[in-house]
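# Analysis of the macromolecular model
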Amino acid sequence: MAVTDTQIEYLEDMATHIREDIIIMLEKAGSGHSAGSLGTADIFSTLYFHIMKHDPKNPDWDERDKFVLSNAHICPVLYATLAEAGYYPKKEITTLRKLGSRLQGHPHRGALPGLEASGGPLAQGISIAAGMAIAANINKKRTKVYCMVGDGEMNEGQIWEALMFIGKNRLHNFTLIVDRNNIQIDGFTEDVMPLEPLKDKLSSFGFHVIEVDGHNIRRLIEAFEETIFEKPKVLLAHTIPGKGVDFMEFKPEWHGKPPNKEEAEKAISELEELRSLGGKITCEHE
Amino acid sequence: MSKGLNKKFHLADNIFDTPDQVPARNGYGEGVVEAGEADENVVVLCCDLTESTRNAKFKETFPNRFVEIGIAEQNMAGIAAGMAFSGKIPYISSYATFSPGRNWDQIRVSICYSMANVKIMGAHAGISVGPDGATHQAMEDVAITRCLPNLTVIVPSDYWETKKAAVAIAGIKSPVYMRFGREKIPVITTEKTPFQIGRADTYRDGKDVTIISCGSLVYEALIAAQKLSDDGIDARVINSHTIKPIDEKAIIKAANETGAIVTAEEHQVHGGLGSAVAEVVAKYSPVPMEYVAMMDRFGESGEPNELMHKFGLDSKGIIKAVKNVLKRK
């Protein structure tokens, strides 16, 4: 089904809202991961506001699709998305990482509606998501399972254990999104521990791999909707860490730190400007 | 049947002459099938060890509910969590050295922190796995699971108890770790013996000292108590099959009434049953204690019985510990 320009604009606008929320919550928290959170906002907007079947008023709905964030340190983007979708009151975003908050530094399943898994130690989410996908098949449910992993996270052996399992069982209801931003804490992924040729590696495990610009919502929708019979799918999503906030883009130092008050104000004004332009984010991977 | 055994437990008649010898893992294999028959949500996940972990019968009975993971224990723990979040009751199996040995982080976060209803089965636990040597002798698994919040830890003592525990754990909606060995061990309980998670069972009453044991050492404790009675020492024997939550009442009562405690387990001295008992004793009723356990060293290759004797994990070792503790009483 063709997506209208109005729908795309809505999703782009939502991505900007999500980015603003991320800036607000990280500044208040005083710690947390900025770059990856901002870099994946377009993917989250697309998933939660167009692709996934879910009901924020009924988070345990049996027929829902599920999303698992394996690179769980970028949970501000997930928390922001869940707030925008109405899973919990938006004013609560300012409690991130604070004592008594449902918004733990890394997600705690059961603490907040909409969190399908706990996470933090890398690579655990992909196995959990694989378990959900095979359980859906056993239960004869049409649940689709989406899981995001970071590219640096793919250093972990458990990722490849899970990929083998998903490939072997042809979990066609499973979609992996690789946040390919080329950066991890110690530097560029290809310097720390090379992943390339990543597309070939993933294909060889039995996945249908689609390379996509992680900031082009129209392309993301097409990629999510594309299916190959009896094959699990990977969106190799090229993203820009810090996307949407000029002074954070491509800067590894923003991986694990929050903006201070002044920086947050600057970021918000940039994002507001972006929104006044209809939310258009330029796509450098086109 | 010896005098002094508590009749309400219906223990086997032949304990003190020629007890039946059956591996505890057989009890698991039969119990998990029974659990599967009772609840269609029970599924089994295994890491390329289907026969030796005694999952073959489940696989044959419920082929669509058996998931082969391959040699990937970390992945197994995560997949199990995901299945549990989807309403399943996964039993995951490998050798205890690998699961929970190798996938502890996954058990901690994906399973325990998330309250995933996963049953972790540590097979081939203890030094009695024998010739494979120290790498395969899980002697630390109770310590590394007992410290995890939300996790129940069970060390059943024989075939029947393992079978009953395998069925019972399906009924509690939280994660469980259960360990059992490879070798044939004496069958000391019977089909009629009551079993309840979290309750320590006083198999033999006594007033001079209490031997609290679990797993394969419960039989050795009964033998030791029998021999001690010849020397005029009246030993109480408690089977503390549930290490967590530990039965505090039974321990406090034993400390108050007998004034000395010996613990016996096929596990390292640090962090296992002995530590769990000591935590209770120190807090509520300090009395002298001795530990029969692996004394902070790795095992080695050998026949199971040779190893159990070498490291004092037998009735002789227990008797020695009882005599030592009585000197300090």
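Computed from a prediction, not measured in an experiment: that's the story for all the values here.

### Some remarks on unusual backbone geometry
Geometrically, the link from A:Glu196 to A:Pro197 is a cis peptide bond, its omega value of 0° lying close to zero. Among the secondary structure elements, A:Pro197 is positioned in the loop between helix H7 (189-192) and helix H8 (198-204). A cis amide bond links B:Ser99 to the next residue, B:Pro100, at an omega of 25°. Position of B:Pro100 among the secondary structure elements: in the loop between strand E4 (89-95) and helix H4 (104-113). Despite not being glycine, A:Arg170 has its phi angle at roughly 45°, a positive value. Within the secondary structure, A:Arg170 sits in the loop between helix H6 (157-168) and strand E3 (174-180). Of note in this structure, A:Phe250 is not a glycine but carries a positive phi near 65°.

### Considerations on the side chain of B:Ser275
Positionally, B:Ser275 belongs in helix H9 (residues 273-284). B:Ser275 has contacts with B:Arg146, B:Val269 and B:His270, leaving out every residue within four places of it along the chain.

### A look at the interface of chain A and chain B
On the chain B side, the residues contacting the 24 residues of chain A number 22 residues. Buried surface at the junction of chain A and chain B, summed over both partners, amounts to about 2,000 Å²; 56% is from carbon and sulfur atoms. The largest contributions to the chain A side of the interface with chain B come from A:Gln124, A:Ile138 and A:Glu161, which together make up 25% of the buried area. Viewed at the interface, chain B and chain A are joined by zero salt bridges. Counting the contacts that link chain A with chain B gives 12 residue pairs in polar contact (both at pLDDT 80 or more).

### Examining the pattern of salt bridges
Opposite charge on two side chains permits pairing when their charged atoms draw close. If you walk through the whole model with that rule in mind, you get 29 salt bridges over all chains. For A:Glu265, the salt bridge goes to A:Lys261, with nearest N and O atoms at 3.6 Å. Residue A:Glu265 and its partner A:Lys261 are both found in helix H10 (residues 261-276); the two are separated by four residues, about one turn of the helix. The partner of B:Glu279 in a salt bridge is B:Arg146, with the nearest N and O atoms 2.9 Å apart. A residue pair is termed long-range when its members are at least 10 positions apart, and B:Glu279 in helix H9 and B:Arg146 in helix H5 (residues 141-146) qualify at 133 residues.

### With respect to the sheet that holds strand E9 (residues 201-204) of chain B
All names here are of chain B. Pairing in this open sheet of five strands is mixed, and the strands run E9-E11-E10-E13-E14 from one edge to the other. Both outer strands of the open sheet, E9 and strand E14 (289-294), are each paired with one neighbouring strand and no more. Averaged over all pairs of adjacent strands, the angle between strand axes in this sheet comes to 25°, irrespective of strand direction. Looking at chain direction, E9 and strand E11 (residues 235-239) are connected through three bridges and run antiparallel. Directly across from Asp201, in E11, lies its bridge partner Asn239. Sheet strands touched by H9: strand E10 (209-213), strand E13 (261-268) and E14. Its angle to E13, the strand with the most contacts, is close to 145°.

Definitions and limits used
- Residues numbered from 1 in each chain as written.
- Chains lettered and ligands numbered in written order.
- Predicted model: local features only at pLDDT ≥ 70, side-chain atom pairs only at ≥ 80, totals over all residues.
- Heavy atoms only, no water.
- Helix = DSSP H or I, 4+ residues; strand = E, 2+ residues; numbered from the N terminus.
- Contact = heavy atoms within 4.5 Å.
- Buried area = accessible area lost by both parts, 1.4 Å probe.
- Salt bridge = Lys/Arg side-chain N within 4 Å of Asp/Glu carboxyl O.
- Polar contact = N/O pair within 3.5 Å; in protein donor to acceptor, adjacent residues only side chain to side chain.
- Pairing = 2+ DSSP bridges.
- Axes fitted to C-alpha atoms, helices over the stretch in contact; angles between N-to-C directions.

The quantities given are spatial measurements derived from coordinates; they are silent on function.
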